[in-house]
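These are the residues of each chain, in order.
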Amino acid sequence: MLGVTLPMDEYRCLQSVNQPNKFTLALAEKLYGMEQLSTATVTGKDATKKLDPQITLAIKNEVLRVFGSHLSGEEKAKMWNSCSASIAGKCKNLRYARKKALELQGTLSNINA
């Protein structure tokens, strides 16, 4: 995966995932980690940092290798757009949860003060 590596035992665990979007998310969680996904976006818009494009490209290539070998170029693009949107949605949900947790932590600190 373009110089991006994942231990074989971790990759084998992903082989049972039989849907491109779920496989994409599983790879993203393994390669980026939840902390990085919660603080970044695929595009780097809205004052958030961008996920490492090399890792994103490696995920794309692996997803297309596993699920897209029989698809046309247009179908591959459509599938990757859907998978990329899944990563974006995961990042958004994690950022929201992180924000709420920090707000709650701040509220609890004020109560205890």
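Everything here concerns the structure above.
It should be emphasised that the depicted structure is a prediction, and the values quoted were computed from it without experimental measurement. (Residues numbered from 1 in each chain as written. Predicted model: local features only at pLDDT ≥ 70, side-chain atom pairs only at ≥ 80, totals over all residues. Heavy atoms only, no water.)

Examining the pattern of salt bridges
- With the rule as written, the count across this model stands at four salt bridges.
- The partner of Lys-90 in a salt bridge is Glu-29, with the nearest N and O atoms 3.0 Å apart. Pair noted here: Lys-90 is in helix H5 (residues 73-112) and Glu-29 is in helix H2 (residues 20-32), with a separation of 61 residues, a long-range link.
- Overall, Lys-90 belongs to the partly exposed group, its relative accessible area being 23%. (Salt bridge = Lys/Arg side-chain N within 4 Å of Asp/Glu carboxyl O. Helix = DSSP H or I, 4+ residues; strand = E, 2+ residues; numbered from the N terminus. Buried < 20%, exposed > 50% of the residue type's maximum accessible area, 1.4 Å probe, protein only.)

Quick look at the packing of H2 against helix H4 (residues 53-67)
- Between H2 and H4, the shortest axis-to-axis distance is 10 Å and the interhelical angle comes to 145 degrees. Crossing hand, H2 versus H4: right-handed. Contacts between H2 and H4 involve Pro-20, Phe-23, Thr-24, Leu-27, Ala-28, Leu-31 and Tyr-32 from the former and Ile-55, Thr-56, Ile-59, Glu-62, Val-63, Val-66 and Phe-67 from the latter.
- When its residues are assigned to classes, the contact of H2 with H4 shows 11 nonpolar, two polar and one charged. (Axes fitted to C-alpha atoms, helices over the stretch in contact; angles between N-to-C directions. Left-handed = near helix turned anticlockwise from the far one by under 90°. Contact = heavy atoms within 4.5 Å. Nonpolar A, V, L, I, M, F, W, Y, C, P; charged D, E, K, R; others polar.)

A few points about the packing of aromatic side chains
- Taken as a whole and judged by the stated rule, the model has two aromatic pairs.
- Consider the rings of Tyr-11 and Phe-23, whose centres lie 6.3 Å apart with planes at 85 degrees: the pair is edge-to-face. Of this pair, Tyr-11 sits in helix H1 (residues 8-14) while Phe-23 is found in helix H2, placing the two residues 12 residues apart along the sequence.
- Of the residues examined, Tyr-11 reaches a relative accessible area of 12% and is grouped as buried.
- Its relative accessible area of 2% is what places Phe-23 among the buried residues.
- Summarising the aromatic geometry, the rings of Phe-23 and Phe-67 are spaced 5.4 Å apart at their centres and angled 70 degrees between planes, so their arrangement reads as edge-to-face. Taken together, the residues span a long stretch of sequence, with Phe-23 in helix H2 and Phe-67 in helix H4 at a distance of 44 residues.
- Three or more aromatic residues joined by ring pairs form one cluster here, namely Tyr-11, Phe-23 and Phe-67. (Phe/Tyr/Trp six-rings, centres within 6.5 Å; stacked < 30°, edge-to-face > 60°.)

So, H4
- Its 15 residues place the ends of H4 21 Å apart at the C-alpha level, agreeing with the 21 Å of an ideal helix rising 1.5 Å per residue.
- Taken together, the buried positions of H4 are Ile-55, Thr-56, Ala-58, Ile-59, Glu-62, Val-63, Leu-64 and Phe-67.
- Measuring from the backbone nitrogen of Gln-54 back to the side-chain oxygen at the start of H4 gives 2.8 Å, which picks out Asp-52 as the cap. (Expected span 1.5 Å × (residues − 1). Polar contact = N/O pair within 3.5 Å; in protein donor to acceptor, adjacent residues only side chain to side chain.)

What to know about the environment of Arg-98
- Relative to the helices and strands, Arg-98 resides in helix H5.
- Overall, Arg-98 belongs to the partly exposed group, its relative accessible area being 32%.
- Sequence separation between Arg-98 and Ser-38 is 60 residues; the distance between their C-alpha atoms is 7.0 Å.

Section: the side chain of Thr-48
- Its place among the elements puts Thr-48 in the loop between strand E1 (40-41) and strand E2 (49-50).
- Reaching out from Thr-48, the side chain makes a polar contact with the side chain of Thr-41 at a distance of 3.3 Å.
- Among the polar contacts made by the side chain of Thr-48, one reaches the main-chain carbonyl oxygen of Lys-45 at a distance of 2.7 Å.
- Once you skip the residues sitting within four places of it in the chain, Thr-48 turns out to touch Thr-39, Thr-41 and Arg-95.

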